[in-house]
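# Report on the structure
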Amino acid sequence: MIKLEKNYWKKFPIWKDVSRWDWEDWKWQIKNRIRSISQLEEILGIDLSSAKKVEKVFRTGTTPYYLSLVKDLSDLSNPILKQILPSCEEIDPQIQSEGSFDPFKEEIMSPVKGLTHRYPDRVLFRVTTFCSVYCRHCMRKRIFLEEERAKKYEDYIKMINYIRENPAVKEVLISGGDPLTLPNRKLEFILEHLSKIEHVEIIRIGTRELVVNPYRFFDDGLLELLNRYDKLWIVTHFNHPDEVTDIVKKAVRNILSTGTPVLNQAVLLKDINDSPNTIENLMRSLLHVKIKPYYLFYCDPTKGVLHFRTDIKKGVEILEHLRGNLSGIGIPTYAVDLPGGLGKIPLTPEYVLEETDEYILLKSPYGKTVKINRHNSDIINNHTKKQEDLCL
Ligand SMILES: *Cc1c(COP(=O)(O)O)cnc(C)c1O
């Protein structure tokens, strides 16, 4: 966990006069977000003119808080900066020749606009196209091309009606854009209606505000809503240990105090977190602040994001490192969302090396092998004597 110094933001000339009161206000963070490359150039003191044509296609945005987590502003390989700084690769026709703006057919598998029904028991419920930070690796990068706006109440009502009429739907995933950028009254409207539907058992909010604007969770109005609606879970999106700060820890405490669990979905990103050590540190940091790692995703084949992809087996290698070296509660499921809306599947390291009708050969987390009888799990090997010793 990163411990931020007192008044740490004052070391940035543009925020030197900002009071603690303002800086720690989530609305101030959104209102004062950085929205252009020229603003970034000013703050970082570097020439980014080559990236200027990118913002004409994919918009730019970061909260001051998230930018302040960058340790060395001159180091463009910084893992935080890489997630927010537009790069020419995003619009390079050669690099982005494959992929799709909607690889999972979210807009097609959609009975009502804004709602995707892919699995029988779960629906995806998109409430806004707005985010306070526009992650360069966004799997829904098509929303960067649309206007920034929350849906209208009448659109929410249509989506809610669909869920009410479909008793197979047990869970609603509220996503966006970022749902927690909505004002509390709009959130309340959505949560109130969804909560009243008896067959909806879980309401999952997907948000990155905990990472990019943790002050959101110091808002009493929001905490009151989290407290009131009992079906809620929060799933957030930390990708690097440098994102897990002492302020995040306090924010998570606030969320947990409302009875709402907090899980994390990370994405494997080339040159940002694609190493066993970085992911191990990320998972340790998450456990430290009491966030349960849920998924580690292979980077989706979204147009504009393809340069962040790693070899698909990289994640398996990382999981293999984690198992045996990290508490089991810190190990996420490594998953790939299959293109075409076929669904998410786990990819796991291979622990079964050989299998017959009689036995199964297994590998330990540290590479040792053991052959066991598949019907009763008795150990079969050449060292029968030693086995007998063990039995005594
Ligand atoms: C990811 C996703 C879900 C949720 O999947 P889980 O494995 O339950 O996290 C549901 N619907 C859609 C359309 C999704 O993309």
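Residues numbered from 1 in each chain as written. Predicted model: local features only at pLDDT ≥ 70, side-chain atom pairs only at ≥ 80, totals over all residues. Heavy atoms only, no water.

### A word on empty space enclosed by the protein
Where empty space is left becomes clear once a probe the size of a water molecule has been rolled over the atoms. The tally for this structure, following the rule as stated, stands at 1 cavity of 30 Å³ or more. Put simply, the largest cavity is a space of about 30 Å³. Considering the residues around the largest cavity, the lining is formed by Leu226, Asn227, Tyr229, Asp230, Leu232, Thr258, Gly259 and Thr260. Of the residues assigned to the lining of the largest cavity, the class counts are 3 nonpolar, 4 polar and 1 charged. (1 Å grid on protein atoms, 1.4 Å probe; cavity = no way out; pocket = protein on both sides within 12 Å on 5 of 7 lines; lining within 4 Å. Points joined across faces, edges and corners; volume = space filled by probe spheres on them. Nonpolar A, V, L, I, M, F, W, Y, C, P; charged D, E, K, R; others polar.)

### A closer look at the pairing of strand S7 (residues 292–297)
Put simply, side chains in a regular strand alternate between the two faces of the sheet. Bridging between strand S6 (residues 262–267) and S7 involves 5 bridges; their strand directions are parallel. Considered in S7, the bridge of Gln265 is made with Tyr295. A crossover connection joins S6 to the parallel S7 through helix H11 (residues 276–288); in handedness this β-α-β unit is right-handed. Of the strand pairs in this sheet, S7 and strand S8 (residues 333–338) are connected by 3 bridges, and their pairing is parallel. Counted as the bridge partner of Tyr295 is Thr333 from S8. Following the chain from S7 across helix H12 (residues 314–322) to the adjacent parallel S8, one finds a crossover that is right-handed. (Pairing = 2+ DSSP bridges. Helix = DSSP H or I, 4+ residues; strand = E, 2+ residues; numbered from the N terminus. Right-handed = clockwise from strand over helix to strand, strands pointing away.)

### Thoughts on the side chain of Asp337
Within the fold, Asp337 resides in strand S8. According to the relative accessible area criterion, Asp337 is buried, its value standing at 5%. Of the polar contacts made by the side chain of Asp337, one reaches the side chain of Arg118; its length is 2.9 Å. The residues contacting Asp337, other than those within four sequence positions of it, are Phe104, Arg118, Asp300, Gly343 and Lys344. (Buried < 20%, exposed > 50% of the residue type's maximum accessible area, 1.4 Å probe, protein only. Polar contact = N/O pair within 3.5 Å; in protein donor to acceptor, adjacent residues only side chain to side chain. Contact = heavy atoms within 4.5 Å.)

### Observations concerning the state of the cysteines
Tallying each qualifying case throughout the model produces 0 disulfides. No disulfide involves Cys88; its nearest neighbouring cysteine sulfur is the one of Cys299, lying 18 Å away. Unpaired in terms of disulfides, Cys299 finds its nearest cysteine sulfur in Cys138, a separation of 10 Å. Since its relative accessible area comes to 1%, Cys299 is described here as buried. (Disulfide = S-S within 2.5 Å.)

Everything listed here is a matter of geometry and, on its own, says nothing about what the molecule does.
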